[in-house]
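Analysis of the macromolecular model
Residue strings, one per chain:
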Amino acid sequence: MIRGKICKRFMKIYGVKNQPFRYSEYLDVRAKLASLKNGADFYYALFSESGFDEKIKKEAENERLLLFSLDQIVNLK
């Protein structure tokens with residue numbers, strides 16, 4: 001995990017609605033933030049009450065992407 005690298009730039013993105021956070025929405029967010037990177041290491045943390053689609057879960061296995069459910073946040077699991 002990235003715990004040892006947490007001192008690098010960390011960008012939080014919030015996505016809470018009535019359906020799972022979709023992979024296409026994640027790509028939109030990345031595109032909008034691309035100009036801010038300027039060579040920096042970026043990490044993304046997505047928060048969703050309704051969960052995440054399967055494609056974004058798969059992406060989280062290989063990218064600098066953390067996914068948090070409402071239960072994880074409220075119960076600190």
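Cut-offs used in this document
- Residues numbered from 1 in each chain as written.
- Predicted model: local features only at pLDDT ≥ 70, side-chain atom pairs only at ≥ 80, totals over all residues.
- Heavy atoms only, no water.
- Core = buried A, V, L, I, M, F, W, Y, C linked by side-chain atoms within 4.5 Å.
- Buried < 20%, exposed > 50% of the residue type's maximum accessible area, 1.4 Å probe, protein only.
- Helix = DSSP H or I, 4+ residues; strand = E, 2+ residues; numbered from the N terminus.
- Phe/Tyr/Trp six-rings, centres within 6.5 Å; stacked < 30°, edge-to-face > 60°.
- Expected span 1.5 Å × (residues − 1).
- Bend = angle between axes of the 7 residues up to and from the residue.
- Pairing = 2+ DSSP bridges.
- Axes fitted to C-alpha atoms, helices over the stretch in contact; angles between N-to-C directions.
- Parallel < 35°, antiparallel > 145°, perpendicular 65-115°, else oblique.
- Contact = heavy atoms within 4.5 Å.
- Nonpolar A, V, L, I, M, F, W, Y, C, P; charged D, E, K, R; others polar.
- Patch = residues over 30% accessible without salt bridge, like charges linked within 9 Å, V, L, I, M, F, W, Y side chains within 5 Å.
- Areas by Shrake-Rupley, 256 points an atom, 1.4 Å probe, with all protein chains shown as cover.
- Salt bridge = Lys/Arg side-chain N within 4 Å of Asp/Glu carboxyl O.

Let us now look at the nonpolar core. Within the largest apolar cluster, 12 residues are counted, these being Phe 21, Tyr 23, Tyr 26, Val 29, Leu 33, Phe 42, Tyr 44, Leu 46, Phe 52, Ile 56, Leu 65 and Leu 67. Within the residue set of this core, elements represented by two or more residues are α1 (23-37), β2 (44-48) and β3 (65-69). At 4 residues, α1 tops the list of elements feeding residues into this core.

Attention shifts here to the packing of aromatic side chains. Per the stated rule, a full pass over the model turns up 5 aromatic pairs. Each member of the aromatic cluster is reached from another via a ring pair, and the members are Tyr 23, Tyr 26, Phe 42 and Tyr 44.

Here the focus is α1. Spacing of three or four residues puts side chains on the same side of an α-helix, whose turn is 3.6 residues. Between the first and last C-alpha of α1 there are 20 Å, a value that for 15 residues agrees with the 21 Å anticipated at 1.5 Å per step. Along its length, α1 shows its largest kink, about 30°, at Ala 31. Among the residues of α1, those classed as buried are Tyr 23, Glu 25, Tyr 26, Val 29 and Leu 33. Asn 38 occupies a position one or two residues after α1 and carries a positive phi of about 45°.

For β2, the buried fraction is high: 5 of the 5 residues fall into the buried class. Covered by surrounding structure in β2 are Tyr 44, Leu 46 and Ser 48 together with Ala 45 and Phe 47, the residues of both alternating faces. The sheet contact formed by β2 and β3 spans 5 bridges and is parallel. Bridged to Leu 46 within β3 is Leu 67.

So, on to the packing of α1 against helix α2 (residues 54-62). For the pair α1 and α2, the least separation of the axes is 7 Å and the interaxial angle reads 55°. Classified by the angle between their axes, α1 and α2 sit oblique to one another. Of α2, the residues touching α1 (which contributes Tyr 23, Tyr 26 and Arg 30) are Lys 55, Ile 56 and Glu 59. In terms of residue class, the contact of α1 with α2 is made up of 3 nonpolar, no polar and 3 charged.

In this section: the environment of Phe 42. Secondary-structure assignment places Phe 42 in the loop between α1 and β2. Taking the C-alpha atoms as reference points, Phe 42 and Leu 65, 23 residues apart in sequence, are found 9.1 Å from one another.

All right, on to a nonpolar patch on the surface then. On the surface, Leu 70, Ile 73 and Val 74 cluster together to form a nonpolar patch covering roughly 250 Å² of accessible area. The residue Leu 70 is located in helix α3 (residues 70-75) in this model. Assessed through its relative accessible area of 39%, Leu 70 is described here as partly exposed.

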